[in-house]
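Listed below, chain by chain, are the residues.
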Amino acid sequence: MKDRDYLWCLVNQVLDGEERLEQLCPTCRARALEERCPVCGGGKDGGEGMENPSFDRERFEQLKGGQGR
């Protein structure tokens, strides 16, 4: 395939995706455009319950108070 053939395929994939979104009601369209986890489908907003295992709360509190240096 030539470069223009790859470009043609890519453009048509984008247009096909837009056509599918246009068929949805506004509520479903908004939900389809949200970033979601590919495994569980949950929102990827990093909401409560997300915790960085390498976060050092004690060190954070020291630095927050201006101490520790």
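Whatever comes next refers back to the structure up there.
Described below are features of the structure shown in this document. (Residues numbered from 1 in each chain as written. Predicted model: local features only at pLDDT ≥ 70, side-chain atom pairs only at ≥ 80, totals over all residues. Heavy atoms only, no water.)

Things to note about the overall build of the protein chain
In step 1: A tally of helices and strands in the protein chain yields three helices and zero strands.
In step 2: Seen in sequence order, the protein chain has helices and strands lined up from the N terminus as α-α-α.
In step 3: Out of the 69 residues belonging to the protein chain, those deemed buried represent 1%.
In step 4: Here the protein chain displays about 6,800 Å² of accessible surface, and carbon together with sulfur accounts for 52% of that area. (Helix = DSSP H or I, 4+ residues; strand = E, 2+ residues; numbered from the N terminus. Buried < 20%, exposed > 50% of the residue type's maximum accessible area, 1.4 Å probe, protein only. Areas by Shrake-Rupley, 256 points an atom, 1.4 Å probe, with all protein chains shown as cover.)

Let's talk about the pattern of salt bridges
In step 1: Across all of its chains, the model carries three salt bridges by this definition.
In step 2: The shortest N-O distance in the salt bridge between Glu 61 and Lys 64 comes to 3.9 Å. With a gap of three residues between them, Glu 61 and Lys 64 both fall in helix H3 (residues 57-64), about one helical turn apart.
In step 3: Taking relative accessible area as the criterion, Glu 61 reaches 38% and is therefore assigned partly exposed. (Salt bridge = Lys/Arg side-chain N within 4 Å of Asp/Glu carboxyl O.)

Considering a negative patch on the surface
In step 1: On the surface, a cluster of negative charge is made up of Asp 16, Glu 18, Glu 19 and Glu 22.
In step 2: Following the sequence through the fold, Asp 16 ends up in helix H1 (residues 3-22).
In step 3: Using a relative accessible area of 37% as the deciding quantity, one classes Asp 16 as partly exposed. (Patch = residues over 30% accessible without salt bridge, like charges linked within 9 Å, V, L, I, M, F, W, Y side chains within 5 Å. Lys, Arg positive; Asp, Glu negative; His and termini not counted. Charge placed at Lys NZ, Arg CZ, Asp CG, Glu CD.)

Comments concerning the state of the cysteines
In step 1: A complete count under the given rule lists zero disulfides for this structure.
In step 2: Free cysteine: Cys 25, not disulfide-bonded; nearest cysteine sulfur from Cys 28 at 3.5 Å. (Disulfide = S-S within 2.5 Å.)

Considerations on the packing of aromatic side chains
In step 1: Across all of its chains, the model carries one aromatic pair by this definition.
In step 2: With 5.6 Å between their ring centres and 50° between their planes, Phe 55 and Phe 60 make a pair best called tilted.
In step 3: Judged by relative accessible area, which is 36%, Phe 60 ranks as partly exposed. (Phe/Tyr/Trp six-rings, centres within 6.5 Å; stacked < 30°, edge-to-face > 60°.)

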